[in-house]
Amino acid sequence: MVVLRHISVAFSAAMAAVGTALFIALNIFYKRRVWSPESDYYTFREEEEERSEKQVLVLGLDGAGKSSVLQGLSGAGSRKGCRPTRGFNFISLHTPACQLDFLEIGGGEDLRMYWVDYLRRTHILVYVVDSSDRGRLPQAKDELHRLLKADTDLPVVVLGNKQDKPDAVSVPELREALSLSSVADQRKLFLLASQSGSDGLSRTCSLQKFQDLLLTLV
Ligand SMILES: Nc1nc2c(ncn2[C@@H]2O[C@H](COP(=O)(O)OP(=O)(O)OP(=O)(O)O)[C@@H](O)[C@H]2O)c(=O)[nH]1
Ligand SMILES: [Mg+2]
């Protein structure tokens, strides 16, 4: 009887050890498969650093046209079907020099507080402004200057978007409204006019011109 009890205890201990080992192995195996926006983002970052990838952060108030610009860059064409971005939006552009990874964070009031968190992981900031939304230009200016203050070295390209609209402010007016002349001279800051129509960033700021500028800045 005593021998049988010893065998039973030894068997239970062995089963427990096998179970624990299996649990640990499965945990390691499935660790990266548990989805969360953060884990996805960091996995993407690890892979990005291994290859020659540069991140372009695309910010601006809600409705400025960030998703439409990305759609134009991706070659998707028409700006129809853009919905407000509730979290983030991502596209990659392959160029001979490197891969440009564009990351848009939604411009809604509730998302703007997270914008600064993404600055330290990015190589260029593209700030999109709705040139026809005259009433919100002061707000667009304040948000832009908050970002400029948070990272004083990051190259910035401001896109004065929706230039096709009849009430759009001109580029010189936009420079004034966004107080860009107050930005330090040594800062790499560019202001381009754009319109994200059916042929992408055509006419006022061609896709090629925009892309070439980004490549000189990364
Ligand atoms: N006329 C005109 N409309 C544009 C232009 N760019 C974007 N739009 C329109 O503006 C609206 C908002 O565009 P989105 O690209 O969704 O704006 P967003 O900046 O991504 O907005 P959030 O994701 O909410 O932060 C859409 O109805 C677009 O079709 C443009 O250059 N000209
Ligand atoms: Mg969007």
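Procedures and definitions
- Residues numbered from 1 in each chain as written.
- Chains lettered and ligands numbered in written order.
- Predicted model: local features only at pLDDT ≥ 70, side-chain atom pairs only at ≥ 80, totals over all residues.
- Heavy atoms only, no water.
- Helix = DSSP H or I, 4+ residues; strand = E, 2+ residues; numbered from the N terminus.
- Buried < 20%, exposed > 50% of the residue type's maximum accessible area, 1.4 Å probe, protein only.
- Contact = heavy atoms within 4.5 Å.
- Areas by Shrake-Rupley, 256 points an atom, 1.4 Å probe, with all protein chains shown as cover.
- Pairing = 2+ DSSP bridges.
- Core = buried A, V, L, I, M, F, W, Y, C linked by side-chain atoms within 4.5 Å.

For the protein chain, the name recorded in an unreviewed UniProt entry is ADP ribosylation factor like GTPase 10, with Sinocyclocheilus rhinocerous as its organism.

A.B. asks: Where do I start with the overall build of the protein chain in this structure?
C.D. replies: Per the secondary structure count, the protein chain includes seven helices and six strands. Traced from its N-terminal end to its C-terminal end, the protein chain shows the element sequence α-α-β-α-β-β-α-β-α-β-α-β-α. Across the 218 residues of the protein chain, 43% fall into the buried class. Within the protein chain, contacts between residues at least 6 apart in sequence are counted, and of these 71% link residues at least 24 apart. Of the roughly 12500 Å² of accessible surface on the protein chain, 57% is carried by carbon and sulfur atoms.

A.B. asks: Would you mind going over the pairing of strand β3 (residues 99-105) with me for this structure?
C.D. replies: Every other side chain in a regular strand lies on the same face of the sheet, so the side chains alternate between the two faces. Counting buried positions along β3 yields seven of seven residues, so the element is predominantly enclosed. On β3, burial covers both faces: Q99, D101, L103 and I105 on one face and L100, F102 and E104 on the other are all buried. Note: strand β1 (residues 53-59) against β3, six bridges, orientation parallel. Bridging from a neighbouring strand, E53 pairs with Q99 of β3. Relative to β3, strand β2 (residues 88-94) runs antiparallel, the two being bridged by seven bridges. By the bridge assignment for β3, S92 is matched with D101. Two successive antiparallel strands, β2 and β3, enclose a turn made up of four residues.

A.B. asks: What's the story with the nonpolar core in this structure? I'm lost.
C.D. replies: If you look at soluble globular proteins, the nonpolar side chains tend to sit buried side by side. Of all hydrophobic cores here, the largest spans 26 residues; its most connected members are L57, L59, Y127, V129 and V158. Broken down by secondary-structure element, the contributors of at least two residues to this core are β1, β3, β4 (124-130), α5 (137-150), β5 (156-161) and β6 (189-193). Per-element accounting of this core gives the leading share, five residues, to α5. Excluding residues that lie within four positions of it along the chain, V158 makes contacts with Y127, V129, L144, L178, F190, L191 and L192. Membership of the second largest hydrophobic core comes to 21 residues, among which are L100, I124, V128 and L214.

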